[in-house]
Amino acid sequence: MKEKIVAYALVLWEQIKIYWAKFKVWRTKRVKRYHTLPWYRKIINLILTSIALFCIYLFVVDINLFWLFGKSPGLRSISDPNQSVASEIISVDGKVMGKYFHENRTPVKYNEISPMLIKALICTEDERFYQHFGIDFQGLFAAAKDMTKGRRRGASTISQQLVKNMFNTRKQYSTGLFGYIPGVKMLIMKTKEWTTAVKIEMFYSKQDILTMYLNTVDFGSNAYGIKTAAKTFFKTTPDSLTIEQSATLVGLLKATTSYSPISHPKRSLERRNVVLDNMARHKLITKRELDSLKAIPIQLNFRVEQAYDGEALHFRAYLADYLKDWCKENGYDIYADGLRIYVTLDTRLQKYAEEASQMQMKRVQRRFFDHWQGQNPWQDENHKDVVNFIEDIAKRTSHYKYLKQKYSNQPDSIDKYLNMPRRMKVFDYKVIEQDTTFSTMDSIRYMNHFMHNSFVAMEPENGFVRAWVGDINFKFWQYDNVAQSRRQPGSTFKLFVYTAAMMHGMAPCDTRTDQPVTWNYVEKGQQKSWTPKNSDGHFSGTTMTLKHAFARSVNSVAVQIAQEVGIPEIVKYAHLLGIRTPLEEKPSLCLGSSDVSLLELVNSFSTVVNEGNYHDPVLVTRIEDRDGKVVFEYAPEQKRVIPYEDAWLMTEMLKGGMTEPGGTTQALWEWDLFKFDTDFGGKTGTSSNHSDAWFVGVTPKLVGGSWVGGEHRCVHFRTGQLGEGSRTALPVFALFMERVLKDPALKQYRGKFPTKPKEKIERNYMCHTRLQKAAVDSTAVDEELPEEGIAPDENTPILSE
C-alpha cells in the first residue's frame, strides 16, 4: 500500500511539473503580446483584469476558501432571515396586553409606513438606492477621494446596512484565519457586507428591502424597528408620522446616542434639519415648507416600552413559565420568534379585577396599620416577636450576599452596611413607588407591614380564565399568589368534605347535631386525639341540615361528616374536582389544614357549577407564528368526575350560603349585585390565626376566588372581626362582580341557576332553615367572631370558620 501511494504521488508531481511548464510558456507569450498592445488596450486590459480579480476575490471570501475568511450568510438565511421579533399577548377581546422580547421589535408592512419617512431615509442614507444593486461604486469612489483629503464619509448602502442589522456580520460571523491579520479583518467584514447585499438585491424587491431595513434598524431607547420607534418617541404609528417626526427618526440613524432627542436635544434638532435640507435638495419639500418645518421644535411624546408594561403582569410572568415546555418541544422562543399568543383573559374583566383588588386592599391595609400601630406584626401565638424574623429575611437578599462575599469574616461590617441608610424605592399605595431613604433592614421591616392578595375568575363551563391578579404590585412582589403560592384554604376546603358526603349517598337535608367531636387517630405510630371547636368556640347542641351547617361553616358537623366518609375519600374527591397539590391525610384536613393554590381551588368550584364536568384551567386558545400560521390550537377536553345529581346537590349547598340564616356568603347583600337577575353562592374560609382569608364566589357564568394574607404566615390580623374571609377576601369578589354586572357589554355573565334539574334528583335538597330568635345577622356574626381553635395540641393547625 505504501509503495502505491508513493508511486501515485510521483505521477501527480510529474503532471504538476508538466502543467507548470505549459503555464510559464503561456505567460511568457501573454507578457510579450501585452507589451506590443497600444496604450488604450493596456488600460482596458488592466481594468478588465482588476474586475475579474475583484469578482474572484468576492467569490473566494463568500465560499470561505480554505477557512481563511470565515462563514458568510448563506442563501437559506437570506431567503428566510431570522430576526428577533417580540411576541404579543392578545386578549380574548382583541387587545395587545403585553409583549415578550429581547429586542422590542414588531414588523410592519410597506404600506403601513409613511411615504415621507421612506423618502427622507433614501435621500439621507442612500440617494442612489434605486440605481445600484447593493454596492454603490460611485459612493465608494467618492468616499475614497474624501479620505485622501482627510474627510471621513460613509459609503454603505441601505442594503449593506440591512445586512449589518439583520445578520450582524461584524460579530455573529467569524473572519477566519486572515481575520487575525491587523487591518485585514475590516476588509473581510466589508467584503461580506458587499456580497450579502448583492444577494439580498437578487432575492428581494426594493420595497421589501426598505421594509426589512425599517423593521430591523435600532433607533435607540430600546426601540427596534419603526413601529416601536414611532410609539416610543411620538406615541403614534409609522403611517401617521409627520414630516418633521420622520426627519427626526431618520436623523437618529447616524448615531442613536449622539443624536438622541432625549439625551442631546440640540444635536438632534440640528441633525433633523440636515435631513430636512436633504429633502428640500431632492425636491421632496419646497423652500417655504423647509423654513416652516425647521421652525418647529422637536415635540416628543416619549415613553420607553418595558417588557412588563401593560396589564396582568403576574399572569404574563406565569404564562411565560407555563409555555416553557411547549416552546422547548416545538422549537420556539417566545422572546424572539414573533409569536401571537391568544389568551383567555378579557381586558375588561382584568381591569375590574385589578380595580376591585386595589380598592379593597387599601381598606385592608389601613385597618392593618391601625391594628398593629406601634407594634411589629410578625408575632407568634404567644404574641411575642418571631425571633430573627427580619434578620433571616435579610440573609436571603442580594445585598446581604454581596456583603457576605466582600466581608466574609467581618460580621460587624456586614451589620453596619445592612443598617446604613441609602436611597431606594419602596411600595406605597399613594404614589406606588415611594423614593425614600432606608437601610436594608428598615426596608424589610417596612415592606413586611403590607397585606397581600390574589384574585382569579374563570368561566365554569369551559375553564377559560378571564381575570388574574397575582398580588398588590408586580414590581415589588413578583411571586404569583394565584398559581404559585399555596396556603391553608380553611373552610373553603369543606366543598370537598360535603362532595364526598354527597357521593356517599347523603343529602343536603340530612341532619347532624352541632356537638363536640373527638377524633382518635394514629400519626407516625403515636396515638393522638383531636377535638375541634366551632368558630365562636361554642356548640349549640341543635340539630341542623347539612345545607345549614355548610352555609354557617359549622366545624363540628364537617368533622362528623369527615369521620363518616373517611379522609382518603375526601382527598380522592378533592383531586377529582381539581386540586393537584398533594394533600396531608390527617383529620384536620377536613377543615382546610393542607395547602392548596387559589387557581386549583377556584377550578374545583367551577367543576361543581359545571354539573360535575372537569376542565383544566385554560390560559391559551391559539398561538400563531410571525407569518400567521397556527402552531397551537386549544382542543376542548371535558371529563365527568362526579355524577350530575351530586353536582346539583353541591351547587344547592353553595347557594345555601345566601339563603340559609346566618350564611357567611350573605355579606354579598351589602353590594349592588341583585338587580341583574343573577344568582350567587359561595364559601368563605379563614386559616390559622387569621393568616389566610379566602372567598370563592359562584354564579352560573363566572366563578371567582380571592385570597388575602401576609407574605409570611406570622404576619396577620389578631381577630376574626378584622381578618376573616368575609371581611377581607369576599369584598374583592363583590366589587369585581358589581362592575362586571353593571357593564352592558358583559351581559353574558348575568344569569340564574336552573330551577329544574336535567335529571331526576332522588335525594331531598329543598329544605330551608327557619330563622330562630337566637339567630343573629350574618354580618354581626362575622364581626364578632373571636379567634378560634380546633386542636388541643400544639402540633395541629388552628383554623377558623
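Residue numbers run consecutively from 1 along every chain, following the written order of its sequence. In keeping with the predicted nature of the model, local features appear solely for residues at pLDDT of at least 70, side-chain atom pairs appear and are counted solely at 80 or more, and the whole-chain, interface and lining totals rest on all residues. Side-chain descriptors were evaluated using all non-hydrogen atoms of the structure, hydrogens and water having been removed beforehand.

On to the overall build of the protein. Helix and strand counts for the protein stand at 29 helices and 18 strands. Computed over C-alpha atoms, the radius of gyration of the protein comes to 37 Å, more than 25% over the 28 Å expected from 2.2 N^0.38 for 801 residues, which places it beyond the range of a compact globule. Considering only C-alpha atoms, the protein reaches an extent of 130 × 85 × 70 Å along its principal axes. For each residue, the accessible area found with a 1.4 Å probe, counting protein chains only, is set against the maximum for its type, and the residue is called buried under 20%, exposed over 50%, and partly exposed in between. By residue count, 52% of the 801 residues in the protein fall in the buried class. Contacts: residue pairs with any heavy atoms within 4.5 Å of one another. Considering only residue pairs separated by 6 or more positions, the protein has 70% of its internal contacts joining residues 24 or more positions apart. Carbon and sulfur atoms make up 54% of the accessible area of the protein, which totals about 39200 Å². With 106 positive and 91 negative side-chain charges, the protein shows a separation of 14 Å between the mean positions of the two kinds. Helix and strand definitions here come from DSSP, where helices need a minimum of 4 consecutive H or I residues and strands a minimum of 2 consecutive E residues; each element is numbered from the N-terminal end. Between the two quantities, the radius of gyration covers C-alpha atoms and the globule rule is 2.2 Å times the number of residues to the power 0.38. In short, Shrake-Rupley with a 1.4 Å probe defines the accessible areas, and a residue's cover is counted only from the protein chains shown. Positive charges come from Lys and Arg, negative ones from Asp and Glu, while His and the chain ends are left out of the count. Charged groups are reduced to one reference atom each: NZ for lysine, CZ for arginine, CG for aspartic acid, CD for glutamic acid.

The working definition used for a salt bridge is a side-chain nitrogen of Lys or Arg within 4 Å of a carboxyl oxygen of Asp or Glu. Tallying each qualifying case throughout the model produces 34 salt bridges. As a salt-bridge pair, Asp 595 and Arg 713 come within 2.6 Å of each other at their nearest N and O atoms. In this pair, Asp 595 is assigned in the loop between helix H23 (567-577) and helix H24 (598-609) and Arg 713 in the loop between strand S18 (703-710) and helix H26 (720-723), connecting sequence segments 118 residues apart.

Strand pairing requires that DSSP identify at least two bridges connecting the strands. One open sheet accounts for five strands, arranged S7-S6-S18-S17-S16; its pairing is antiparallel. In this open sheet, the two strands that pair with only one neighbour each are strand S7 (465-469) and strand S16 (681-686). When strand polarity is set aside, the average angle formed by the axes of neighbouring strands in this sheet is 10°. Note that strand S17 (residues 692-698) and S18 share seven bridges and pair antiparallel. Of the residues in S18, the one forming a bridge with Val 696 is Gly 705. Helix axes are fitted only over the stretch in contact, all axes being lines through C-alpha atoms; the angle between N-to-C directions runs from 0 to 180 degrees.

Moving on, we get to empty space enclosed by the protein. Only protein atoms enter the 1 Å grid used here, on which a cavity is any set of points holding a 1.4 Å probe that cannot leave and a pocket is any open set flanked by protein within 12 Å on both sides along at least five of seven lines; residues with an atom within 4 Å of a point are listed as lining. Grid points are joined across faces, edges and corners, and a volume is the space filled by probe spheres set on the points. For the coordinates displayed, the defined rule picks out one cavity of 30 Å³ or more. One number sums up the size of the largest cavity: a volume of about 30 Å³. Around the largest cavity sit Glu 459, Pro 460, Gly 463, Asn 603, Ser 606, Thr 607, Asn 610, Asn 613, Tyr 614 and His 615, which together line it. Contributing elements (two or more residues each) for the lining of the largest cavity: H24 and strand S12 (613-614).

Disulfide: a pair of cysteine sulfur atoms within 2.5 Å of each other. According to the stated counting rule, one finds one disulfide in the structure shown. Covalent S-S linkage joins Cys 509 and Cys 767, the inter-sulfur distance amounting to 2.0 Å. One quick way to see it: the torsion about the S-S bond of Cys 509 and Cys 767 is about -105°, and its sign makes the bridge left-handed. One end of the pair, Cys 509, is in the loop between helix H20 (494-503) and strand S8 (511-513); the other, Cys 767, is in the loop between helix H28 (730-742) and helix H29 (778-784), with 258 residues separating them in the sequence. Each of the two residues, Cys 509 as well as Cys 767, counts as buried.

Relative to strand S10 (residues 526-530), strand S9 (residues 519-523) runs antiparallel, the two sharing five bridges. Residue Glu 523 lies in a different strand from S10, and its bridge partner there is Gln 526. Connecting the antiparallel pair S9 and S10 is a turn made up of two residues, with Lys 524 showing a positive phi of about 55°.

Throughout this description, the term nonpolar core refers to a set of buried Ala, Val, Leu, Ile, Met, Phe, Trp, Tyr and Cys residues connected via side-chain atoms within 4.5 Å. Among the nonpolar cores identified, the biggest contains 85 residues, and Leu 319, Ile 341, Val 343, Trp 468, Phe 496, Tyr 498 and Ile 570 are the most heavily contacted of them. Judged by nonpolar contacts, the second largest core, of 59 residues, contains Tyr 400, Tyr 429, Met 447 and Phe 717.

Time to look at the layout of surface pockets. To locate leftover empty space, one rolls a probe as large as a water molecule over the atoms. If you add up the space inside the second largest pocket, you get close to 950 Å³. The wall of the second largest pocket is formed by 30 residues, among which Gln 83, Val 85, Pro 107, Arg 626 and Asp 627 lie closest to the centre. When residues of the lining of the second largest pocket are assigned to their parent elements, the largest contribution, four residues, is made by helix H8 (residues 206-216). By residue class, the composition of the lining of the second largest pocket is 11 nonpolar, eight polar and 11 charged. As a working rule, the residues Ala, Val, Leu, Ile, Met, Phe, Trp, Tyr, Cys and Pro are called nonpolar, Asp, Glu, Lys and Arg charged, and the rest polar, with Gly in that last group.

Our focus in this paragraph is the packing of aromatic side chains. Note on ring pairs: Phe, Tyr and Trp rings are taken, using the six-membered ring of Trp, and paired if centres are within 6.5 Å. Classes follow the plane angle, with under 30 degrees stacked, over 60 edge-to-face and the rest tilted. Following the criterion strictly, the structure yields 34 aromatic pairs and no others. Both rings, one in Phe 369 and one in Phe 450, keep their centres 5.8 Å apart while their planes meet at 70°; by these two values the pair is edge-to-face. Taken together, the residues Phe 369 in helix H15 (residues 347-371) and Phe 450 in the loop between helix H19 (440-447) and strand S6 (451-458) connect sequence positions 81 residues apart. On the basis of relative accessibility, which here comes to 37%, the residue Phe 369 falls in the partly exposed class. Between Phe 427 and Phe 450, the aromatic rings sit 5.2 Å apart at their centres with planes inclined by 75°, giving edge-to-face as the arrangement. Residue Phe 427 is found in strand S4 (residues 422-428), and its partner Phe 450 is found in the loop between H19 and S6; the two are separated by 23 residues along the sequence. Ring pairing ties together the aromatic residues Phe 369, Phe 427, Tyr 429, Phe 438, Tyr 446, Phe 450, Phe 476 and Trp 477, which thus form one cluster. A cation over a ring is seen here: Lys 206 above Phe 129, with NZ or CZ 4.4 Å from the ring centre. The ring of Tyr 259 has Arg 271 lying over it, and the distance from NZ or CZ to the ring centre is 6.0 Å. Remark: a charge is flagged as sitting over a ring if the NZ atom of Lys or the CZ atom of Arg is within 6 Å of the ring centre and within 35 degrees of the ring normal.

Packing of helix H6 (residues 158-167) against helix H7 (residues 184-203) leaves a shortest axis separation of 8 Å and a crossing angle of 105°. By the angle class used here, H6 and H7 are roughly perpendicular. Of the residues in H7, those in contact with Ser 159, Gln 160, Leu 162, Val 163, Lys 164 and Phe 167 of H6 are Lys 190, Glu 193, Trp 194, Thr 196, Ala 197, Ile 200 and Glu 201. Partitioned by chemical class, the residues of the contact of H6 with H7 number six nonpolar, three polar and four charged. Angles below 35 degrees are treated as roughly parallel, those above 145 as roughly antiparallel, those between 65 and 115 as roughly perpendicular, and all remaining angles as oblique.

This part covers the side chain of Asp 480. Examined against the element boundaries, Asp 480 turns out to sit in the loop between S7 and H20. The buried charged residue Asp 480 lacks any salt bridge, with Arg 486 as its nearest oppositely charged partner at 8.1 Å. Each residue touching Asp 480, except ones within four places of it in the same chain, is listed here: His 314, Tyr 318, Trp 468, Gly 470 and Ser 485.

What follows deals with a negative patch on the surface. Residues Glu 391, Asp 392, Asp 412 and Asp 415 make up a contiguous surface patch of negative charge. Counting only elements with at least two residues in the negative patch, the list comes to helix H16 (389-394) and helix H18 (411-418). Structurally, the position occupied by Asp 392 is in helix H16. For Asp 392, a relative accessible area of 36% translates into the label partly exposed. Patch definition: residues above 30% relative accessible area lacking any salt bridge, with like charges linked at up to 9 Å and the nonpolar side chains Val, Leu, Ile, Met, Phe, Trp and Tyr linked at up to 5 Å.

Turning to the confidence of the model for the protein, a few remarks are in order. Summary statistics for the protein give a mean pLDDT of 88 and a share of 90% for residues scoring 70 or more. The pLDDT value expresses, per residue, how confident the predictor is, ranging between 0 and 100. Taken together, the stretch residues 774-801 has pLDDT below 50 and engages in 93 contacts with residues farther than four places along the chain or on a different chain.

On to unusual backbone geometry. For His 383, which is not a glycine, the phi torsion comes out positive at approximately 60°. Position of His 383 among the secondary structure elements: in the loop between H15 and H16. Unusually for a residue other than glycine, Glu 611 sits at a positive phi of about 60°. Residue placement: Glu 611 occurs in the loop between H24 and S12. By relative accessible area, Glu 611 is classed as partly exposed at 25%.

Time to look at a nonpolar patch on the surface. Where nonpolar side chains cluster on the molecular surface, the patch consists of Trp 39, Tyr 40, Ile 43, Ile 44, Ile 47, Leu 48 and Ile 51 and spans about 760 Å² of accessible area. Locating Ile 44 in the fold gives a position in helix H2 (residues 39-63). Taking relative accessible area as the criterion, Ile 44 reaches 45% and is therefore assigned partly exposed.

Turning to the sheet that holds strand S13 (residues 620-624), a few remarks are in order. On the basis of which strands lie adjacent, the open sheet formed by five strands has the order S2-S1-S3-S13-S14 and mixed pairing. The outermost strands of the open sheet, each flanked by one partner alone, are strand S2 (96-100) and strand S14 (630-633). Each strand of the sheet is rotated relative to its neighbour by a mean of 15°, with strand direction disregarded. Where strand S1 (residues 87-90) lies against S2, four bridges are found, and the strand directions are antiparallel. The residue bridging Ile 90 from the neighbouring strand is Val 96, located in S2. Its contacts with the sheet put helix H13 (residues 313-322) on S1, S2, strand S3 (340-343) and S13, and the angle it makes with S2 is roughly 50°.

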